[in-house]
Amino acid sequence: MKKRKLVAMLLAMCMVFSLAACGNSGGSSSSSSTSSEGGDSGSAENSDDSASSGAETGSFDDVITLTADSDGDPFTWDPSTDEMAAFIEENFGIAFQQSETNYYNNDFTVTQLAATDGTLPKVFCADILYYPQEITQFIPEGLVAEIPEELLDKYPLTKALLENDAVAQTVYGMYDGYYFLPKPDSADPDIYKAERKGIFIRTDWLDAVGMDMPTTWEDLYNVCHAFTYDDPDGNGVNDTYGLTGDGMGTLRYFFASTGVSNRYWNKDADGNWFFGALDDSNIEVLEWLRKMWEDGTIDPDFGASTWENGLQKFSSNTFGMCVRNADANWINDVAVKYYGAANPGVNPFDRIDVIPALAMAEGETPRMDGYTSCMVATMFSESITEEEMDRFLNYYEYLLSEEGQYLRMGFEGEDWERNDDGSISLIRDENGNATVMATKYPCSTVTHWPSWGFELAAYENVEYFDEYNDETKAMNAAACAIRNEDPVYPEVGPMLIDDTTVTDTTAFSFNSEYWQIITGTEPVADMFADMKERAMASGFTDAEEVVAEYAEEYGW
C-alpha cells in the first residue's frame, strides 16, 4: 500500500528542484544562477520554477540487472528482504549488482585497466576532475558510452542538470556530446554556490574580549591576538591561542577574498591565463598570516596539521578558531561529534559559530571560491545497451524529483512523515531512534547517484540530524548566504587538460611554499617573488602557453 502511495504522489505532484533556472558552477555561459541568498533552504515544493519529471513507474514487464559501482559505500541487493530493492525493481524494472571492484577514489590505473579490458561495470563512479583522463582518454577511445540526446529529451530534469552544469557543458564543447551524469554536493544548486569551507570560532570568547565576528583578514589577526593574550576563558592563565586547523590546503580557499581563485586557473580581463596561487594579490593575505605567526597567535603546527588534530585542539578549548569544512553536515559533526563530545553538558551552539568567508578590507564583500560540480560523476561503460541506459536514466530522473530525493531517507509513513506545514520529520522507534538506512535498506546507496545529499542536510524544513537539527541548519543557512553572495569561480576548462605540461605543475607544492613564506624571516613580497620565479621556471610558463592553446581551440 505504501509503495502505491509513493508512486501516486510522484505522478500527482511531479514537483522538483529548480534546476533549469540555476547553474551550479560559474565560468560557463550556460549558467544562469541569479540568487544571492544561497542559504534558501526551502524544499522542492517551495520552488517557483519547478519542472515536471519525465520518470515513468510501474510499467515494466521485466527487470534488467546492471552491475554498478556507486560512491564508495558498498551495497547488497536482495528484494526478498530489502523493501527498497523490491520497490525499485517493481516500479523501475531495474536491479543493481555491486561491482566486484570499487572504482571511486581508486587509483586511476585500476579504472584504466578495467576500461581497456572491457570489465568496467555498466554504471560506475568516476573522479573526472581528479583524473581528467577519464574524459580525455576514455571518450576518444570509445571506452565509455555517450548518452544519446534523444534519450535525454525524455528526461527534462536530467537534461536541465546537464545543460546548467559548467563541467558538463565544457566537456560537451570538447567532444560534442554528454558522457556522464553530474554528482554535485547538492542536487539543489542554490544551496552551495561556493565551496563549503569555514573557520569555526568561539563566540563566547568573542564576547569575553569584547569583539565582533571577523569579516576581514585584519579582523582575523586582531581576534587571534585577543584570543591569545586577553585571557578569553577567564582562568587567569596564559594558555589560549588563536587559529588552528587542517593546514594550508583548506585555508587557501579563503584567499579568494582577493578576487582570484587561489587553487585553480584563472583568466584576466584581457584573456590571459594564470594560476591563482602565483598572483601577486596573494601577498597581502600572506602578510597578515606572517603577522599572526610572528605574534604567536597561529598554531605553530598549522602547516602540517590534520583536520583531526585541529578539531581536537579546538574542542579542548585551547584554540579559539579552527579551519575546516563547514557545510551543514560538518557543522553538526563539529558541534556534536567533536566539540560536544569533548564538552558534555554544553550546548555547543552557545559557544561556536562559523566565519564562512573573508573580505580584503572593511566594507568589501567576503568572498569564497565558487563551487565546481562534477569532481565526481556517474559514467557508463561502453558495454551498456541503449535499453539499459534508458532504464537507468528513468530511475535517475525519479531520484531528481521531490519524491525521489526523499527516497534516500526511506519511505513516507514508515521512515519519515510530512507535517501539515509541509515540513518533513523523522519517524522514530520507542527508544527515539530514527531509521539506520544502511541497516534497514542495504541497497540504499543506489539512491545517491544524483548528489551527495547535502540538500537534505541543509533544508530547514527537513528533520535530518538527531541532535541540534534546527541550530545546525540555521548556522548553515547564514553561512551560505554570505559565501554565495559573490563567489570567485575558477575556470573549468584547464581542469580537463590531460597534457603533461599542465598536469606536471601539480608537483609544485604551494601549501608548503606558502607555509615557508608565513614562517620565514625575509620580506613576504621578496619570498613570494622568489617562489613565483621558481614556479614559472619549473613549468608554469610553458603551462600557461598550453592552457591558452586549449582555450583558443575550445573557445574557453
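Residues numbered from 1 in each chain as written. Predicted model: local features only at pLDDT ≥ 70, side-chain atom pairs only at ≥ 80, totals over all residues. Heavy atoms only, no water.

**Student:** How do you make sense of the overall build of the chain when you look at a structure like this?
**Tutor:** Helix and strand content of the chain: 21 helices and 13 strands. Taken against the 2.2 N^0.38 rule, which gives 24 Å for 556 residues, the C-alpha radius of gyration of the chain at 24 Å falls within 12% of a compact globule. Taken along the three principal axes of its C-alpha coordinates, the chain extends 75 × 60 × 40 Å. Counting every position in the chain, which comprises 556 residues, the buried fraction comes to 58%. Expressed as a percentage of contacts within the chain between residues at least 6 apart in sequence, the contacts between residues at least 24 apart total 77%. Summed over its atoms, the accessible surface of the chain is roughly 21,300 Å², and 44% of this surface lies on carbon and sulfur atoms. (Helix = DSSP H or I, 4+ residues; strand = E, 2+ residues; numbered from the N terminus. Rg over C-alpha atoms; globule rule 2.2 N^0.38 Å. Buried < 20%, exposed > 50% of the residue type's maximum accessible area, 1.4 Å probe, protein only. Contact = heavy atoms within 4.5 Å. Areas by Shrake-Rupley, 256 points an atom, 1.4 Å probe, with all protein chains shown as cover.)

**Student:** How should I be thinking about the environment of aspartate 78 in this particular structure?
**Tutor:** Mapped onto the secondary structure, aspartate 78 falls in the loop between strand E1 (64-68) and helix H2 (83-92). A residue is classified by how much of its surface remains accessible, and aspartate 78, at 34% relative accessible area, is partly exposed. C-alpha of aspartate 78 to C-alpha of alanine 507: the two residues are 429 residues apart in sequence and 46 Å apart in space. Polar side-chain contacts of aspartate 78 include one of 2.5 Å to the side chain of serine 80. (Polar contact = N/O pair within 3.5 Å; in protein donor to acceptor, adjacent residues only side chain to side chain.)

**Student:** Sorry if this is basic, but what is going on with helix H12 (residues 307-315) here?
**Tutor:** Side chains that are three or four residues apart share a direction in an α-helix, a result of its 3.6 residues per turn. Regarding H12, the residues found buried are Gly310, Leu311, Phe314 and Ser315. Down the axis, H12 shows its buried residues gathered within 125 degrees of arc, on one side only. Structurally, H12 contributes buried residues whose contacts are with strand E5 (197-202), strand E6 (241-245), strand E9 (319-325), helix H13 (328-342) and strand E10 (352-355). Just downstream of H12 lies asparagine 317, where phi reads positive at about 65 degrees. (Arc of directions from axis to C-beta.)

**Student:** Which parts of the structure should I look at to understand the sheet that holds E9?
**Tutor:** Sheets are built from strands paired through backbone hydrogen bonds, the pairs being either parallel or antiparallel. What the four strands build is an open sheet, ordered E6-E9-E5-E10; its pairing is mixed. In this open sheet, the two strands that pair with only one neighbour each are E6 and E10. Within the sheet, the average angular offset between the axes of one strand and its neighbour, ignoring direction, is 25 degrees. As defined by bridge partners, E5 adjoins E9 across five bridges and the pair is classed as antiparallel. (Pairing = 2+ DSSP bridges. Axes fitted to C-alpha atoms, helices over the stretch in contact; angles between N-to-C directions.)

**Student:** I keep staring at the confidence of the model for the chain and nothing clicks. Help me out?
**Tutor:** One rule of thumb: low pLDDT means the predicted coordinates there are not for detailed reading. Summary statistics for the chain give a mean pLDDT of 90 and a share of 91% for residues scoring 70 or more. The low-confidence segment residues 1-50, where pLDDT is below 50, has 141 contacts with residues more than four positions distant or belonging to other chains. (pLDDT = per-residue confidence, 0-100.)

**Student:** Sorry, what's going on with the packing of helix H20 (residues 510-518) against helix H21 (residues 524-554) here?
**Tutor:** Axes are the key here: two packed helices are described by the angle between their axes and the distance separating the axes. With their axes 10 Å apart at the nearest point, H20 and H21 run at an angle of 160 degrees to one another. The orientation of H20 with respect to H21, classified from their angle, is roughly antiparallel. The interaxial crossing formed by H20 with H21 has right-handed handedness. The residues of H21 that touch H20, namely those facing Phe510, Glu513, Tyr514, Gln516 and Ile517, are Val524, Met527, Phe528, Met531, Arg534 and Phe540. Residue composition of the contact of H20 with H21, grouped by class: eight nonpolar, one polar and two charged. (Parallel < 35°, antiparallel > 145°, perpendicular 65-115°, else oblique. Left-handed = near helix turned anticlockwise from the far one by under 90°. Nonpolar A, V, L, I, M, F, W, Y, C, P; charged D, E, K, R; others polar.)

**Student:** How should I be thinking about the packing of aromatic side chains in this particular structure?
**Tutor:** Aromatic rings in a pair are described by how distant their centres are and how their planes are angled relative to each other. In total, this model carries 43 aromatic pairs according to the counting rule given. Taken together, a centroid distance of 4.9 Å and an interplanar angle of 50 degrees make the contact between phenylalanine 96 and tryptophan 449 tilted. Of this pair, phenylalanine 96 sits in strand E2 (residues 94-98) while tryptophan 449 sits in the loop between helix H16 (437-440) and helix H17 (454-458), placing them 353 residues apart in sequence. Grouped by ring-pair contacts, the aromatic residues Trp77, Phe87, Phe92, Phe96, Phe380, Phe392, Tyr395, Tyr396, Tyr398, Phe411, Tyr441 and Trp449 constitute a single cluster. Note that lysine 291 overlies the ring of tyrosine 221, its terminal NZ or CZ placed 4.6 Å from the centroid. (Phe/Tyr/Trp six-rings, centres within 6.5 Å; stacked < 30°, edge-to-face > 60°. Lys NZ or Arg CZ within 6 Å of the ring centre and 35° of its normal.)

**Student:** What is the right way to look at the pattern of salt bridges in this model?
**Tutor:** When the charged atoms of two side chains lie near each other, side chains of opposite charge can form a pair. Applying the stated rule across the entire model yields 24 salt bridges. Here aspartate 390 makes a salt bridge to lysine 154, at a shortest N to O gap of 2.8 Å. In this pair, aspartate 390 sits in helix H14 (residues 386-400) while lysine 154 sits in the loop between helix H5 (149-152) and helix H6 (156-163), placing the two residues 236 residues apart along the sequence. Its relative accessible area of 40% is what places lysine 154 among the partly exposed residues. Of the charged contacts in the structure, one is a salt bridge between aspartate 415 and lysine 440, with a shortest N-O distance of 2.8 Å. On the criterion of sequence distance, the pair formed by aspartate 415 in the loop between helix H15 (402-406) and strand E12 (416-418) and lysine 440 in helix H16 is long-range, its members being 25 residues apart. Judged by relative accessible area, which is 32%, lysine 440 ranks as partly exposed. Several salt bridges share partner residues, and in doing so they unite Asp62, Glu387 and Arg391 into one network. (Salt bridge = Lys/Arg side-chain N within 4 Å of Asp/Glu carboxyl O.)

**Student:** What is the right way to look at the environment of methionine 174 in this model?
**Tutor:** Relative to the helices and strands, methionine 174 is located in helix H7 (residues 166-175). Linking methionine 174 and tyrosine 554, residues 380 residues apart in sequence, is a C-alpha distance of 6.3 Å.

**Student:** What am I meant to see in the packing of H12 against H13 here?
**Tutor:** Packing of H12 against H13 brings their axes to within 9 Å, and their N-to-C directions diverge by 55 degrees. Taken as axis vectors, H12 and H13 run oblique relative to one another. The two elements H12 and H13 cross, and the hand of that crossing is right-handed. Along its contact with H12, which presents Trp307, Leu311, Phe314 and Ser315, the element H13 presents Trp330, Val334, Tyr338, Tyr339 and Ala342.

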